[in-house]
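Next come the chains, spelled out residue by residue.
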Amino acid sequence: MGSNCIFCKIIKGEIPTDSKIFEDENCFVFLSISPVNFGHALVIPKKHFENIYEVPDELIAKLSVAIKKTAKAVKKAVNAHGINIANNNERPAGQVVPHLHFHIIPRFSKDGDINILAEHHKKYKNGEAKSVAEKIKSEWE
Ligand SMILES: [Zn+2]
């Protein structure tokens, strides 16, 4: 599974990304390429697990810390009014990439009642993802 996985390829650098925010031995954090709002980040384990059922307790604990740090950094970087944290497990729940991931989604008062599962429509223009990722990195504590 891991060898065809788009997230594993990003982690290994086989697919280049200019939107990496953070990595350590367990976790990898980068921007979604089709964000709900700009600054929408993904927190994933470096090791391939398909979903929440399979990930070891020790690793989910470490991911939780990265999720919290990402939420705070994204909020500051894009001046969000709120943050959604979402994790979709299996297709009927909206999981598209079969590598465990947590969405950190900045939200704004003007968003209204959007469906964060369905509305992944925005696109970064050239260089924008890199500058948003840099901004989030600069807010990382
Ligand atoms: Zn993977």
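Above: the structure in question.
Everything quoted here is computed from the prediction, not taken from an experiment. (Residues numbered from 1 in each chain as written. Predicted model: local features only at pLDDT ≥ 70, side-chain atom pairs only at ≥ 80, totals over all residues. Heavy atoms only, no water.)

**Q** Where do I start with helix 3 (residues 128-138) in this structure?
**A** Three or four residues apart is the spacing at which side chains of an α-helix point the same way, because the helix has 3.6 residues per turn. Three or more residues of helix 3 are buried, namely Ala-129, Val-132, Ala-133 and Ile-136. Looking straight down helix 3, one finds that the buried residues subtend no more than 100° of arc, so they occupy a single side. On its buried face, helix 3 sits against strand 1 (20-23), strand 2 (27-31) and helix 2 (57-78). (Buried < 20%, exposed > 50% of the residue type's maximum accessible area, 1.4 Å probe, protein only. Helix = DSSP H or I, 4+ residues; strand = E, 2+ residues; numbered from the N terminus. Arc of directions from axis to C-beta. Contact = heavy atoms within 4.5 Å.)

**Q** In this structure, what is going on with the layout of surface pockets? I would like to understand it.
**A** It is the rolling of a water-molecule-sized probe over the atoms that shows where space remains empty. Volume-wise, the largest pocket comes out at about 540 Å³. Phe-7, Ser-32, Ile-33, Ser-34 and Leu-42 are the residues nearest the centre of the largest pocket, which is lined by 27 residues in total. The set of elements that each furnish at least two residues to the lining of the largest pocket consists of helix 1 (6-12) and strand 2. Its residues assigned to classes, the lining of the largest pocket comprises 15 nonpolar, ten polar and two charged. (1 Å grid on protein atoms, 1.4 Å probe; cavity = no way out; pocket = protein on both sides within 12 Å on 5 of 7 lines; lining within 4 Å. Points joined across faces, edges and corners; volume = space filled by probe spheres on them. Nonpolar A, V, L, I, M, F, W, Y, C, P; charged D, E, K, R; others polar.)

**Q** Would you take a moment to explain the side chain of Asn-51 for this structure?
**A** On the secondary structure map, Asn-51 appears in the loop between strand 3 (41-45) and helix 2. Residue classification places Asn-51 among the buried residues on the basis of a relative accessible area of 5%. At 3.2 Å, the side chain of Asn-51 and the backbone nitrogen of Tyr-53 are in polar contact. Residues within four places of Asn-51 in sequence aside, it is in contact with Asn-89, Glu-90, Gln-95 and Leu-100. (Polar contact = N/O pair within 3.5 Å; in protein donor to acceptor, adjacent residues only side chain to side chain.)

**Q** Could you clarify how one ought to interpret the coordination of the zinc ion in this entry?
**A** Within the first shell, the zinc ion binds the protein through Cys-5 (SG), Cys-8 (SG), His-48 (ND1) and His-99 (ND1), at distances of 2.0 to 2.3 Å. Around the zinc ion, the four donor atoms are arranged such that angles at the metal cover 105 to 117°; this shape is classified as tetrahedral. Here the donor residues of the zinc ion share one chain and are spaced in sequence as C-x2-C-x39-H-x50-H. With Cys-8 in helix 1 and His-99 in the loop between strand 4 (82-86) and strand 5 (102-107), the pair connects residues that are 91 residues apart, well separated along the chain. A relative accessible area of 6% places Cys-8 in the buried class. (Donors = N, O, S within 2.8 Å, 3.2 Å for Na, K, Ca; no water. Tetrahedral: all angles 85-135°; square planar, octahedral: opposite > 155°, others 65-115°.)

Note that every value here comes from positions in space, so none of it alone points to a role or purpose.
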